[in-house]
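Residue-level listing of the chains:
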Amino acid sequence: MARLKVTQVKSKIGAKRNQQESLRSLGLKRIRDVVVKEDRPEIRGMIFAVNHLVKVEEVD
């Protein structure tokens, strides 16, 4: 199964509450935090909610 490398590139300060919670659910706490997650619809939905705050790369 494919994996996604998610990096937080912008601050969550000023973001909506649901966007802040999506970042927390992804495991991102501060700028330049990196997590690797399975490519699943639930994860894609959280990334879509905060796509302006994160950078996503596919990892094999």
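Scope of this entry: the structure provided in the associated data block.

How each quantity is defined
Residues numbered from 1 in each chain as written. Predicted model: local features only at pLDDT ≥ 70, side-chain atom pairs only at ≥ 80, totals over all residues. Heavy atoms only, no water. Axes fitted to C-alpha atoms, helices over the stretch in contact; angles between N-to-C directions. Helix = DSSP H or I, 4+ residues; strand = E, 2+ residues; numbered from the N terminus. Parallel < 35°, antiparallel > 145°, perpendicular 65-115°, else oblique. Left-handed = near helix turned anticlockwise from the far one by under 90°. Contact = heavy atoms within 4.5 Å. Buried < 20%, exposed > 50% of the residue type's maximum accessible area, 1.4 Å probe, protein only. Salt bridge = Lys/Arg side-chain N within 4 Å of Asp/Glu carboxyl O.

Take the packing of helix α1 (residues 17-26) against helix α2 (residues 41-49) next. The N-to-C vectors of α1 and α2 enclose an angle of 135°; their axes lie 9 Å apart at closest approach. For the element pair α1 / α2, the angle class is oblique. Pair α1 / α2 crosses with left-handed handedness. Residue-level contacts link Gln19, Ser22, Ser25 and Leu26 of α1 to Ile43, Met46, Ile47 and Ala49 of α2.

Structurally, the position occupied by Ser22 is in helix α1. Judged by relative accessible area, which is 11%, Ser22 ranks as buried. The residues touching Ser22, leaving out its near neighbours within four places in the chain, are Met46, Ala49 and Val50.

A word on the pattern of salt bridges. The tally for this structure, following the rule as stated, stands at five salt bridges. Put simply, Arg3 and Glu38 hold a salt bridge, and the shortest N to O gap is 3.2 Å. A residue pair is termed long-range when its members are at least 10 positions apart, and Arg3 in strand β1 (residues 3-8) and Glu38 in strand β2 (residues 34-38) qualify at 35 residues. Since its relative accessible area comes to 30%, Glu38 is described here as partly exposed. In this structure, the salt-bridge partner of Arg40 is Glu42, at a minimum N-O distance of 3.2 Å. We classify Glu42 as partly exposed; its relative accessible area is 44%.

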